[in-house]
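Descriptive analysis of the structure
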Amino acid sequence: MVQFLLDRIAPVSVARSGDTARRSACATLILALLMPAATWAAADAPYLEMDGGRRLQFERSFQSEREVKTKRGFFTKLIDFAAGAPDYKRMVRPYSLTADSRERIILTDPGMSGVHIFDFAQQKYKFISHLDGKDEMHAPMCVAVDKRDNIYVTDSDAGKIFVFGANGKFQRVIGSLRGGEGFFKHPTGIAVDSDAQRIYVSDTWRTKIFVLDMQGSVVQTIGKRGEGNGEFNFPTELRLDGPDLIVVDAMNFRVQVLDRAGSFRYAIGRPGEGGGDLYRPKGIGLDAEGHLYVADAFYNIVQVFDRQGHLLYYFGKNAGVGDFRLPAGVALDRSNRVYVVDSYHRRVQVFQFFGGGAR
């Protein structure tokens, strides 16, 4: 049975050195996932073991405000009994997410025209949006935070960036022009460099990246339409990591790594059906060792690469515990928890990465 399942996922199987060990690790994960869902316990959660003592273990999933507020006092329960349970907000069409310095999870939801903030440590939840006058949030796509945990959200429909404080209070709009239209054609990815006072925004329809100062003025543009190094075909998600600007070059089926000035460094992925190939790359994230996590919404997996572009492992596939359908955003917090937006099932799946050593 395991071999049959491995054969069925051959288009994304690993065909490199250490292939046998990695296939064995995948088999371990598949065997775990074949267990009945009712038998899951902490010790039985699906996991993936890798070389060097590394381990990825499924932790939990969440879908709504209710899963944050787990402790409810006697009087709260009494009110619920008398008045009925509260109407908890749930994900409708989750897309992108990030983790701030407090390890809160900030998740865009175009289906709700707003953003969920999940604070599991404090058992608090907040939903933020902006529906006031000409600058209204319609389709929030990607999200980033600065070093003060201010929240920056691109809106692909409005063509603007909405900025909220760490407390979720609306602050301002970037890219709002006279008459209410937005400066950007279809903004998606966003990343903030607080030290350099720069905001990076990918405009998917213009096939370029805009570099803004903190007031929203354009100081530089990066890239143009094409297939060459430093050129894009529908760029989407962005991440900053040290000197690197990492760009999901969606319709070139790759992830490009540039420096902060926009000069090409290297690329990861290529179109195809083999190990390390990408077909519909979406979200990207980085762990404490600098490995790059890329969600592929066609293969329904997350592939993990080293910085030389070598495929290390992948996880996910279907719709069970630890699996995905149409995965979108990916983010890691400071504790090396991996958060994957399982968009079709309206949930976020959480994994714990145990690394082999610090970066």
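In this report, we go over the structure that sits alongside the text. Residue indices begin from 1 for each chain and proceed along its sequence in written order. Residue-level local features of this predicted model are given only where pLDDT is at least 70; pairs of side-chain atoms are given and counted only at 80 or more, and the full residue set underlies all totals for whole chains, interfaces and linings. Values reported for side chains reflect all heavy atoms of the structure, with hydrogen atoms and water molecules removed beforehand.

Turning next to the layout of surface pockets. Using a 1 Å grid laid over the protein atoms alone, points where a 1.4 Å probe fits but cannot get out form a cavity; open sets with protein on both sides within 12 Å along at least 5 of 7 lines form a pocket; any residue with an atom within 4 Å of a point counts as lining. Grid points are joined across faces, edges and corners, and a volume is the space filled by probe spheres set on the points. By volume, the largest pocket amounts to about 900 Å³. Counted by class, the lining of the largest pocket contains 12 nonpolar, 5 polar and 13 charged residues. Nonpolar residues are Ala, Val, Leu, Ile, Met, Phe, Trp, Tyr, Cys and Pro. Charged residues are Asp, Glu, Lys and Arg, and all others, Gly as well, are polar.

This next bit is on the sheet that holds strand β21 (residues 281-286). Overall, antiparallel pairing links the 4 strands, which are arranged β21-β22-β23-β24 in an open sheet. Taken across any chain shown, the strands that pair with only one partner, and hence form the sheet edges, are β21 and β24 (311-315). When the angles between neighbouring strand axes are averaged without regard to direction, this sheet yields 20°. One bridge is not enough; two strands pair if DSSP finds at least two bridges between them. A helix here means a DSSP run of H or I that spans at least four residues, while a strand means a run of E at least two residues long, and both kinds are numbered starting from the N terminus. With 4 bridges joining them, strand β23 (residues 301-305) and β24 adopt antiparallel strand pairing. When the sheet's bridge partners are listed, Val302 is paired in β24 with Phe315. Helix axes are fitted only over the stretch in contact, all axes being lines through C-alpha atoms; the angle between N-to-C directions runs from 0 to 180 degrees.

If you look at the biggest cluster of nonpolar residues, it comprises 31 residues, and the most contacted ones within it are Ile161 and Val348. Considering each element in turn, this core owes the most residues, 3 residues, to strand β9 (residues 140-145). In this structure, Val348 is in contact with Arg60, Ser61, Phe62, Met91, Leu97, Leu107, Tyr339, Val340 and Val341, ignoring residues within four places of it in sequence. To define a nonpolar core, start from buried Ala, Val, Leu, Ile, Met, Phe, Trp, Tyr and Cys residues and group those joined through side-chain atoms within 4.5 Å. Working definition: with a 1.4 Å probe on protein chains only, accessible area under 20% of the residue-type maximum means buried, over 50% means exposed, and in between means partly exposed. In terms of nonpolar packing, the next biggest core, distinct from the first, is built from 18 residues, Met50, Leu56, Phe324 and Val330 among them. The criterion used for residue contact is that any of the two residues' heavy atoms lie within 4.5 Å.

Below, the discussion takes up the pairing of strand β27 (residues 347-354). Summarising burial for β27: 7 of the 8 residues are buried, a large majority. One ladder, built from 7 bridges, connects strand β2 (residues 55-62) with β27; its direction is antiparallel. Within the sheet, the bridge partner assigned to Arg60 lies in β27 and is Val350. Sheet topology places strand β26 (residues 337-342) next to β27; 6 bridges connect them, and they run antiparallel. Along β27, the bridge assignment pairs Val338 with Phe351. With antiparallel pairing between neighbouring strands as the criterion, β26 and β27 make up a hairpin whose turn holds 4 residues, including Arg346 at a positive phi of roughly 55°.

Relative to the assigned elements, Asp109 resides in strand β4 (residues 105-109). Here Asp109 falls in the buried class, since its relative accessible area comes to 0%. Considering only alpha carbons, one finds Asp109 and Met91, 18 residues apart in sequence, at a separation of 6.9 Å. Excluding residues within four positions of it along the chain, Asp109 makes contact with Arg90, Met91, Val92, Arg93, Pro94, Gly114, His116 and Pro140.

On to the packing of aromatic side chains. Think of it this way: a Phe, Tyr or Trp ring, Trp meaning its six-membered ring, pairs with another when their centres are within 6.5 Å, and the plane angle makes it stacked under 30 degrees, edge-to-face over 60, tilted otherwise. Using the criterion set out here, one finds 16 aromatic pairs in the structure. Between Phe298 and Tyr299 the ring centres are 5.3 Å apart and the planes differ by 70°, which places this aromatic pair in the edge-to-face class. Accessibility expressed as a relative area gives 48% for Phe298, which makes it partly exposed. Grouping aromatic residues by their ring pairs yields a cluster made of Phe58, Tyr313, Phe315, Phe324 and Phe351. Here Arg60 stacks its cationic end above the ring of Phe120, 4.4 Å away from the centre of that ring. One cation-aromatic arrangement involves Arg325 over Tyr344; the distance from NZ or CZ to the ring centre is 4.1 Å. Throughout this description, the term charge over a ring refers to an Arg CZ or Lys NZ atom that lies within 6 Å of the ring centre and within 35 degrees of the ring normal.

Along the polypeptide, Glu65 turns up in the loop between β2 and α3 (74-83). Excluding its chain neighbours within four sequence positions, the residues that come into contact with Glu65 are Asp87, Tyr88, Lys89, Phe118 and Tyr125.

Salt bridge, as used here, is a side-chain nitrogen of Lys or Arg placed within 4 Å of a carboxyl oxygen of Asp or Glu. Going through the model one piece at a time under the given rule, you end up with 21 salt bridges. When the shortest N-O distance is used, the salt bridge between Arg239 and Glu237 registers 3.7 Å. Of the residues examined, Glu237 reaches a relative accessible area of 2% and is grouped as buried. A salt bridge links Asp277 to Arg270; its shortest N-O distance comes to 2.8 Å. Here Arg270 falls in the partly exposed class, since its relative accessible area comes to 42%. One salt-bridge network, in which partners are shared between bridges, spans Glu59, Arg60, Glu103, Asp333 and Arg337.

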